[in-house]
Amino acid sequence: QVQLVESGGGLVQPGGSLRLSCAASGFTSDYYSIGWFRQAPGKEREGVSCMKKSDGRPYYADFVKGRFTISRDNAKNTVYLQMNSLKPEDTAVYYCAARSVPGLLRLWVHEYDYWGQGTQVTVSS
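On a predicted model such as this, the values are computed, not experimentally measured, just so you know.

Conventions adopted
Residues numbered from 1 in each chain as written. Predicted model: local features only at pLDDT ≥ 70, side-chain atom pairs only at ≥ 80, totals over all residues. Heavy atoms only, no water. Helix = DSSP H or I, 4+ residues; strand = E, 2+ residues; numbered from the N terminus. Buried < 20%, exposed > 50% of the residue type's maximum accessible area, 1.4 Å probe, protein only. Contact = heavy atoms within 4.5 Å. Polar contact = N/O pair within 3.5 Å; in protein donor to acceptor, adjacent residues only side chain to side chain. Pairing = 2+ DSSP bridges. Axes fitted to C-alpha atoms, helices over the stretch in contact; angles between N-to-C directions. Disulfide = S-S within 2.5 Å.

## Quick word on the environment of D90
Move 1: When you line up the elements, D90 lands in the loop between β8 (78–83) and β9 (92–99).
Move 2: Judged by relative accessible area, D90 falls into the buried class, the value being 1%.
Move 3: Considering only alpha carbons, one finds D90 and P14, 76 residues apart in sequence, at a separation of 9.5 Å.
Move 4: Aside from chain neighbours lying at most four places away, what touches D90 is R38, R67, F68, S85, V121 and V123.
Move 5: From its side chain, D90 meets the backbone nitrogen of K87 in a polar contact 2.8 Å long.

## Considerations on the sheet that holds strand β1 (residues 2–7)
Consider a sheet: its strands pair through backbone hydrogen bonds, and that pairing is either parallel or antiparallel.
Move 1: Read from one edge of the open sheet, 4 strands run β1-β3-β8-β7, paired in antiparallel fashion. Every interior strand has two partners, whereas the edge strands, β1 and β7 (68–73), have only one. Between one strand axis and the next, the sheet turns by 20° as a mean value, whatever way the strands run.

## What to know about the state of the cysteines
Note on terminology: disulfide describes a covalent bond linking the sulfur atoms of two cysteines.
Move 1: Throughout the structure, instances matching the rule amount to 1 disulfide.
Move 2: Here C22 is linked by a disulfide to C96, with a sulfur-sulfur distance of 2.0 Å. With the S-S bond torsion at -80°, the cross-link from C22 to C96 turns out left-handed. Pair noted here: C22 is in strand β3 (residues 18–26) and C96 is in strand β9, with a separation of 74 residues, a long-range link.
Move 3: Residue classification places C22 among the buried residues on the basis of a relative accessible area of 0%.
Move 4: We note that C50 lacks a disulfide partner, and the nearest cysteine sulfur, in C96, lies 11 Å from it.
Move 5: According to the relative accessible area criterion, C50 is buried, its value standing at 0%.

## Some points on the environment of V121
Move 1: Tracing the chain through its elements places V121 in strand β11 (residues 119–123).
Move 2: Judged by relative accessible area, V121 falls into the buried class, the value being 0%.
Move 3: For the pair V121 and P88, spaced 33 residues apart in the sequence, the C-alpha separation amounts to 9.8 Å.
Move 4: Residues in contact with V121, not counting those within four places in the same chain, are G9, G10, L18, L20, M83, D90, T91, A92 and Y94.

## Regarding the environment of E44
Move 1: Along the chain, E44 falls in the loop between β4 (33–39) and β5 (46–52).
Move 2: Overall, the relative accessible area of 71% leaves E44 in the exposed class.

## Quick look at the side chain of T119
Move 1: Positionally, T119 belongs in strand β11.
Move 2: Polar contacts involving the side chain of T119 include one to the main-chain amide nitrogen of G9, which spans 3.2 Å.
Move 3: Filtering out sequence-adjacent residues up to four positions away, T119 remains in contact with E6, S7, G8, G9, L20, A92, V93 and Y94.

In structure tokens, the structure reads:
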């Protein structure tokens, strides 16, 4: 079992930057991929970015390419999401999630088994 705790959310102005962190604990060797999802009020949860644990291969949703970067620190069992050029439509609760079963590297919500509690990101003037 894997436990995930997000941090780093907050209020930023449009065009600003923010870095989210996801600390993993428990049986951290069990997951295949880990990534970030987000959910705005009244909208379905959507994938943002993920990466494969074994080699760090990243995958990004089209709406964040060129703006967001996923990275990791294996020694700290932590995954980061660097968010630049933030837009008001990026406002959402951001969740860290991990997938235990090997498969394709993609952002299908139902394929992820472990979820953090979420951290609020608000982009506003």
